[in-house]
Structures are given as structure tokens and as C-alpha cells.
Amino acid sequence: MVIKINNLKEGLHHYSLEEPVENVGLENPFTDSVKVELNLQKLHNQVVLETSLNLQALFECDRCNEAFLSNLQTDYKIVYLFGESPDDEDESLNVVYLPLDVSEIVLDNDIRDYAMLAIPMKKLCNDECQGLCPSCGKNLNTGSCLCSNNKIDPRWLPLNDLKNKIDNN
Ligand SMILES: [Zn+2]
Ligand SMILES: [Zn+2]
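Residues numbered from 1 in each chain as written. Chains lettered and ligands numbered in written order. Predicted model: local features only at pLDDT ≥ 70, side-chain atom pairs only at ≥ 80, totals over all residues.

Colleague: What's the story with the pairing of strand E5 (residues 67-82) in this structure? I'm lost.
Modeller: Each regular strand carries side chains that alternate between the two faces of the sheet. Bridge count between strand E4 (residues 46-60) and E5: 15 bridges; the pairing is antiparallel. Residue pairing for E5: Glu 60 is matched across the bridge by Ala 67. In textbook terms, the turn of a hairpin is the stretch between consecutive antiparallel strands, and for E4 and E5 this stretch comprises 6 residues, one of which, Asn 65, has a positive phi near 65°. Bridge count for E5 against strand E6 (residues 95-98) is 4 bridges, and the pairing is parallel. What sits directly across from Phe 82, in E6, is Leu 98. (Pairing = 2+ DSSP bridges. Helix = DSSP H or I, 4+ residues; strand = E, 2+ residues; numbered from the N terminus.)

What follows is the structure, encoded as C-alpha cells:
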């Protein structure tokens, strides 16, 4: 994904771009297309890019192992300065130096980096996901299993014994 900047007027420009994830070098778990909203501000010695990414990824739920589609959204800002990069350049700042005769900005590397950062540590199909039964492995989102029915709070055991006696009579 590329933005042409050589004939761009100074001022604010907006772009809405969309491309298949493969085109920017993203693969599994990303799927479908990446949508990019860009606010580009061009000044005589710099370009400021404010980027908003929208992606879809196919994850496996950490609790129930079911595949689910997740929408990921992330924003970032990069300042491009025209000219030589100084020797003591601080790489932690989002500043990139561009040759004076550069004609375009290639977005693919940054899109890949920020897309990877947008992958959550914990992947849940749903915040309420019930997960799998530790005894029989049944997906508890689809209903309860027999083992969970048999789990009786020990405080109720005396009452349960009484109930069994009554039932057996
Ligand atoms: Zn789940
Ligand atoms: Zn079970």
C-alpha cells in the first residue's frame, strides 16, 4: 500500500484504502482485507500520517478452542521528515527520515507491525465463554454436561442423603 507524495499540495489530505491482507504481507490469523483510514498532513519539510487500521482475524478461543472471527482496530501516528537522519536518531519516536527526492511512502511494514501488535494476549470467543468441562471436555457454551450436574456442593450432601432416603421409600 503506497501513498504518492511528490505532487501532493501542502495541507491536509484524507485517504480510505482497502486491500487484501496478502497484499501488505499479512497472513494467518489475518483474513479478508485490511481497511486503512489515513489523515495526511503535508508541510514543506515533513509529512504527518495518522493511520487507523481495521482488520479481521480468525482466532481459536483460549477457553473453548472454537474458531471465531474478531475485528481488530488500531491507530498510530508517524512523522516523516525530509532529509538526512541524524546519527543519534531515537528509534523509539515514530519519526522516519525520507530522502528529499522521495516520491511515495510505502505503508506495508508499519501496517504489518501494528497489525501484529493489535493481536490480543487473551483470545476469547466471548467474554462470557464457559469453556470446556475439565472432566469430559464438552463445550459448556452448548449446554451443561452430566459431570457438572453431578458436582454437588458438599454443604448439601446431608440433605441429599435425606432426599435419597425419601426417594427410595
Ligand atoms: Zn470460547
Ligand atoms: Zn463434563
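Colleague: When you look at the pairing of E4 in this model, what are you seeing that I'm missing?
Modeller: Here 10 bridges tie strand E3 (residues 30-42) to E4, and the two strands are oriented antiparallel to one another. The partner of Asn 39 across the bridge, within E4, is Glu 50.

Colleague: Could you clarify how one ought to interpret the sheet that holds E5 in this entry?
Modeller: Through backbone hydrogen bonds, the strands of a sheet pair up, either in parallel or in antiparallel fashion. Taken together, 5 strands build an open sheet; the order of strands is E2-E3-E4-E5-E6 and the sheet is mixed. Single-partner strands in this sheet number two, and they are strand E2 (11-20) and E6. Neighbour-to-neighbour, the strand axes of the sheet open up by a mean angle of 25°, direction not taken into account. (Axes fitted to C-alpha atoms, helices over the stretch in contact; angles between N-to-C directions.)

Colleague: What's the story with the environment of Glu 22 in this structure? I'm lost.
Modeller: Mapped onto the elements of the fold, Glu 22 is located in the loop between E2 and E3. Here the alpha-carbon distance between Glu 22 and Asp 32, two residues 10 residues apart in the chain, equals 8.7 Å.

Colleague: Explain unusual backbone geometry to me, please; I cannot follow it from the model alone.
Modeller: Of all residues except glycine, most have a negative phi; of all peptide bonds, most are trans. A cis amide bond links Asn 28 with the next residue in sequence, Pro 29, at an omega value of 10°. Take Pro 29: it is sitting in the loop between E2 and E3. The residue Asp 32 is not glycine, and still its phi comes out positive at about 70°. As for its placement among the helices and strands, Asp 32 is situated in strand E3. C-beta crowding within 10 Å serves as the criterion here: with 13 such atoms nearby, Asp 32 is assigned to the partly exposed category. Phi is positive for Asn 65, close to 65°, though the residue is something other than glycine. Structurally, Asn 65 is set in the loop between E4 and E5. (Buried ≥ 20, exposed ≤ 12 C-beta atoms within 10 Å, placed from the backbone.)

Colleague: Explain the nonpolar core to me, please; I cannot follow it from the model alone.
Modeller: Among soluble globular proteins, nonpolar side chains are generally buried collectively. Residues Val 21, Val 24, Leu 26, Phe 30, Val 34, Val 36, Leu 53, Leu 55, Ala 57, Leu 107, Ile 111 and Ala 115 constitute the largest nonpolar core, which totals 12 residues. Secondary-structure elements contributing two or more residues to this core are E3, E4 and helix H1 (108-117). (Core = buried A, V, L, I, M, F, W, Y, C linked by C-beta atoms within 7 Å.)

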